[in-house]
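Spelled out from the first residue to the last, the chains are:
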Amino acid sequence: QVQLVESGGGAVQAGGSLRLSCAASGRFLFIYNMGWFRQAPGKEREFAAAISRSGGATDYADSVKGRFTISRDNAKNTVYLQMNTLKPEDTAVYYCAASATGTLRTTGDDYAYWGQGTQVTVSS
């Protein structure tokens with residue numbers, strides 16, 4: 001079992017940037033595909049980005065493509081989400097998650113392990 005802890009959230013003005021981190025413990029992160037999801041108040045959780053075990057493949061939701069970049073450092077057991085050109089609609093709790101599936105997935109049900117989330121607030 002792997003434990004995930006997100007950090008790096010905060011409040012930022014529109015157009016600004018934040019870098020989220022997800023630190024893993026309990027197991028080596030390289031055995032999992034990793035994803036970032038987000039949930040805004042009153043809305044369902046939605047997929048944001050995913051990265052393969054090696055980091056060689058990534059996938060993004062259309063809403064964040066070109067603005068967000070997911071990366072990982074398996075030596076540090078950490079996954080990152082660089083968020084640029086933030087918009088008020090990016091305001092949400094951001095969760096990292098680990099998946100043991102063979103391919104990148106965009107559905108939360110395919111991820112077995114979740115962090116507690118970190119709040120991102122973007123003001124206009």
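Heads up: the structure comes first, above all this text.
All of these numbers come straight from a predicted model, not from anything done at the bench.

Got a sec to walk through the overall build of the protein? Specific residues and values, please.
Within the protein one finds zero helices and 11 strands. Helices and strands appear in the protein in the N-to-C order β-β-β-β-β-β-β-β-β-β-β. A globule of 124 residues ought to have a C-alpha radius of gyration of about 14 Å, and the protein, at 13 Å, matches this closely. Structurally, the protein occupies a C-alpha span of about 40 × 25 × 25 Å along its principal axes. In the protein, which comprises 124 residues, the proportion classed as buried is 45%. Within the protein, contacts between residues separated by at least 24 positions form 60% of all contacts whose residues are at least 6 apart in sequence. Summed over all atoms, the accessible surface of the protein reaches about 6100 Å², with 48% contributed by carbon and sulfur. Between the mean site of the 12 positive side-chain charges and the mean site of the 10 negative ones, the protein shows a separation of 5 Å.

Any chance you could break down the sheet that holds strand 1 (residues 3-7) for me, citing the residues and the numbers?
Read from one edge of the open sheet, four strands run 1-3-8-7, paired in antiparallel fashion. Strand pairing shows two members of the sheet lacking a second neighbour, strand 1 and strand 7 (68-73), which therefore form its edges. Going across the sheet, the axis of each strand differs from the next one's by a mean of 15°, ignoring polarity. The sheet contact formed by strand 3 (residues 18-25) and strand 8 (residues 78-83) spans six bridges and is antiparallel. Its bridge partner lying in strand 8, cysteine 22 is registered against valine 79.

Tell me about a nonpolar patch on the surface, and please be specific about residues and values.
Residues Phe28, Phe30 and Ile31 make up a contiguous nonpolar surface patch of roughly 310 Å² in combined accessible area. Secondary-structure assignment places phenylalanine 30 in the loop between strand 3 and strand 4 (33-39). Its relative accessible area of 43% is what places phenylalanine 30 among the partly exposed residues.

Quick rundown of the pattern of salt bridges? Include the residues and the values.
Per the counting criterion, the structure on display carries five salt bridges. Residue glutamate 46 is joined to arginine 38 by a salt bridge in which the shortest nitrogen-to-oxygen separation is 2.6 Å. One salt bridge in this structure joins arginine 38 and aspartate 90, with 2.8 Å as the shortest N-O distance. On the criterion of sequence distance, the pair formed by arginine 38 in strand 4 and aspartate 90 in the loop between strand 8 and strand 9 (92-99) is long-range, its members being 52 residues apart. One exposure class covers both arginine 38 and aspartate 90, and it is buried.

Go over the packing of aromatic side chains with me, naming the residues and quoting the values.
Taken as a whole, this structure holds seven aromatic pairs when the rule is applied. On the basis of an interplanar angle of 80° and a centroid distance of 5.0 Å, the ring pair of phenylalanine 37 and tyrosine 111 is categorised as edge-to-face. Note that phenylalanine 37 is positioned in strand 4 and tyrosine 111 in the loop between strand 9 and strand 10 (113-114), a separation of 74 residues in sequence. A network of ring pairs unites the aromatic residues Phe37, Phe47, Tyr95, Tyr111 and Trp114 as a single cluster. The ring of tyrosine 80 has arginine 19 sitting right over it, with the charged end atom 4.0 Å from the ring centre. Between the NZ or CZ atom of arginine 45 and the centre of the ring of phenylalanine 37, over which it lies, the distance is 5.9 Å.

The rules behind the values
- Residues numbered from 1 in each chain as written.
- Predicted model: local features only at pLDDT ≥ 70, side-chain atom pairs only at ≥ 80, totals over all residues.
- Heavy atoms only, no water.
- Helix = DSSP H or I, 4+ residues; strand = E, 2+ residues; numbered from the N terminus.
- Rg over C-alpha atoms; globule rule 2.2 N^0.38 Å.
- Buried < 20%, exposed > 50% of the residue type's maximum accessible area, 1.4 Å probe, protein only.
- Contact = heavy atoms within 4.5 Å.
- Areas by Shrake-Rupley, 256 points an atom, 1.4 Å probe, with all protein chains shown as cover.
- Lys, Arg positive; Asp, Glu negative; His and termini not counted.
- Charge placed at Lys NZ, Arg CZ, Asp CG, Glu CD.
- Pairing = 2+ DSSP bridges.
- Axes fitted to C-alpha atoms, helices over the stretch in contact; angles between N-to-C directions.
- Patch = residues over 30% accessible without salt bridge, like charges linked within 9 Å, V, L, I, M, F, W, Y side chains within 5 Å.
- Salt bridge = Lys/Arg side-chain N within 4 Å of Asp/Glu carboxyl O.
- Phe/Tyr/Trp six-rings, centres within 6.5 Å; stacked < 30°, edge-to-face > 60°.
- Lys NZ or Arg CZ within 6 Å of the ring centre and 35° of its normal.

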